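Understanding the architecture of this molecule
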Amino acid sequence: MRNLSIEIKMILSVIFFTLLIVGLERYQMSKNIAEQFVESQRAKNKLLIDTVSPIIGLNIALGLDHSNKEYLDQIARQNPDLIRFELKTPQNTPLYRYTRSASQTPSGDAAGAVFYTQAIADPLTGETLAQANLHFDSREYQRVLEKNRETTLKMAAFTFALLAVFIFLIKREFKFLKKLAKNVLTYDPKQNNFPLTPSERTDEVGIVHNAILSMVTRIQSHAKLLDELNQSLDRSVSERTRELREANERLKALSITDPLT
């Protein structure tokens, strides 16, 4: 990890945290949607059986089997998610049975299906007259799951598109920084090979560029001053050397000359 560039670390970090946050959020949302739908279906179906139970009980108590059958057939037609409706006496004698045809019954996962068993009592005496068994399919539940999967895929595609744009922008910014770093590394004060072009950007990259440019300008100024000092020192050394040579020659001449002659 230490050998990776800051650019790669930044890109990997953003990708990881974005996918983590979006994934967790989407998972929790999908779970909540499924749970709320199942709970809603259970409440709707429970309301249905609680509503029809007194009428069924009254019809059984009055011996209105034909009216009971017509009523229950109507209930079955009005509830397309109802797969099976059985009505039996406590002695297990069939009173009514509805089963949806195989062509109308959806195949697939039974998750989300709802099973109910409800005791049918006489509204007047409270005596248990029958037991109703209902089975509701999971067709609407599967539709919700499919719609949820489609939404998840769309969000994933949108997230990856945003990440691609982000990576492009990051690489473009780092491309400018890499060029700037290359110019700094190849800079030679003697050759004065740094492109002295101020940046018009006001962000951090522009600030860094202009700061480096200011530093290079000062380096060039000090290098020029140092060259002038070196040249002045060379001239002084040459002059002193010449004067010393002349003094040595005079001293040598004096050493071999008799001052009296």
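Structure: above.
Residues numbered from 1 in each chain as written. Predicted model: local features only at pLDDT ≥ 70, side-chain atom pairs only at ≥ 80, totals over all residues. Heavy atoms only, no water.

A word on the overall build of the chain
- On a plain count of helices and strands, the chain comes out with four helices and four strands.
- Order of helices (α) and strands (β) in the chain, N terminus to C terminus: α-α-β-β-β-β-α-α.
- Expected size for 261 residues packed as a compact globule is a radius of gyration near 18 Å; at 47 Å, the chain overshoots this value by more than 25%.
- Summarising its shape, the C-alpha atoms of the chain cover approximately 170 × 30 × 30 Å along the three principal directions.
- Counting across all 261 residues of the chain, residues that qualify as buried make up 25%.
- In the chain, of all internal contacts separated by at least 6 residues, the share reaching a separation of at least 24 is 60%.
- Summed over its atoms, the accessible surface of the chain is roughly 18600 Å², and 61% of this surface lies on carbon and sulfur atoms.
- In the chain, which carries 34 positive and 30 negative side-chain charges, the distance between the mean positions of the two groups comes to 5 Å. (Helix = DSSP H or I, 4+ residues; strand = E, 2+ residues; numbered from the N terminus. Rg over C-alpha atoms; globule rule 2.2 N^0.38 Å. Buried < 20%, exposed > 50% of the residue type's maximum accessible area, 1.4 Å probe, protein only. Contact = heavy atoms within 4.5 Å. Areas by Shrake-Rupley, 256 points an atom, 1.4 Å probe, with all protein chains shown as cover. Lys, Arg positive; Asp, Glu negative; His and termini not counted. Charge placed at Lys NZ, Arg CZ, Asp CG, Glu CD.)

A short note on the side chain of Q118
- With respect to the helices, strands and loops of the structure, Q118 is situated in strand β3 (residues 114-121).
- Among the polar contacts listed, one links the side chain of Q118 to the side chain of D50, at a separation of 3.5 Å.
- Apart from residues lying up to four places away in sequence, Q118 is in contact with I49, D50, S53, A130, Q131 and A132. (Polar contact = N/O pair within 3.5 Å; in protein donor to acceptor, adjacent residues only side chain to side chain.)

Some thoughts on the nonpolar core
- Formed by 21 residues in total, the largest nonpolar core has its most connected members in I56, F85, L87 and L134.
- Secondary structure elements with two or more residues in this core: α1 (6-62), α2 (65-78), β1 (82-88), β3 and β4 (128-136).
- For F85, the contacting residues outside a window of four places in its chain are I56, L72, Y96, R97, Y98, A132, N133 and L134.
- Formed by six residues, the second largest nonpolar core is a distinct cluster that contains L180, Y187, I212 and V216. (Core = buried A, V, L, I, M, F, W, Y, C linked by side-chain atoms within 4.5 Å.)

Quick notes on the sheet that holds β3
- Pairing in this open sheet of four strands is antiparallel, and the strands run β2-β1-β4-β3 from one edge to the other. For this open sheet the edge positions go to β2 (94-99) and β3, each flanked by a neighbour on one side alone. If you compare each strand with its neighbour and ignore which way they point, the axes differ by 10 degrees on average.
- Here five bridges tie β1 to β2, and the two strands are oriented antiparallel to one another. Each bridged residue has a counterpart across the sheet, and for E86 the counterpart in β2 is R97. (Pairing = 2+ DSSP bridges. Axes fitted to C-alpha atoms, helices over the stretch in contact; angles between N-to-C directions.)

As for the pattern of salt bridges
- Applying the stated rule across the entire model yields seven salt bridges.
- With its nearest N and O atoms 3.0 Å apart, the salt bridge here joins D73 to K69. Residue D73 and its partner K69 are located together in helix α2, separated by four residues, close to a single helical turn. (Salt bridge = Lys/Arg side-chain N within 4 Å of Asp/Glu carboxyl O.)

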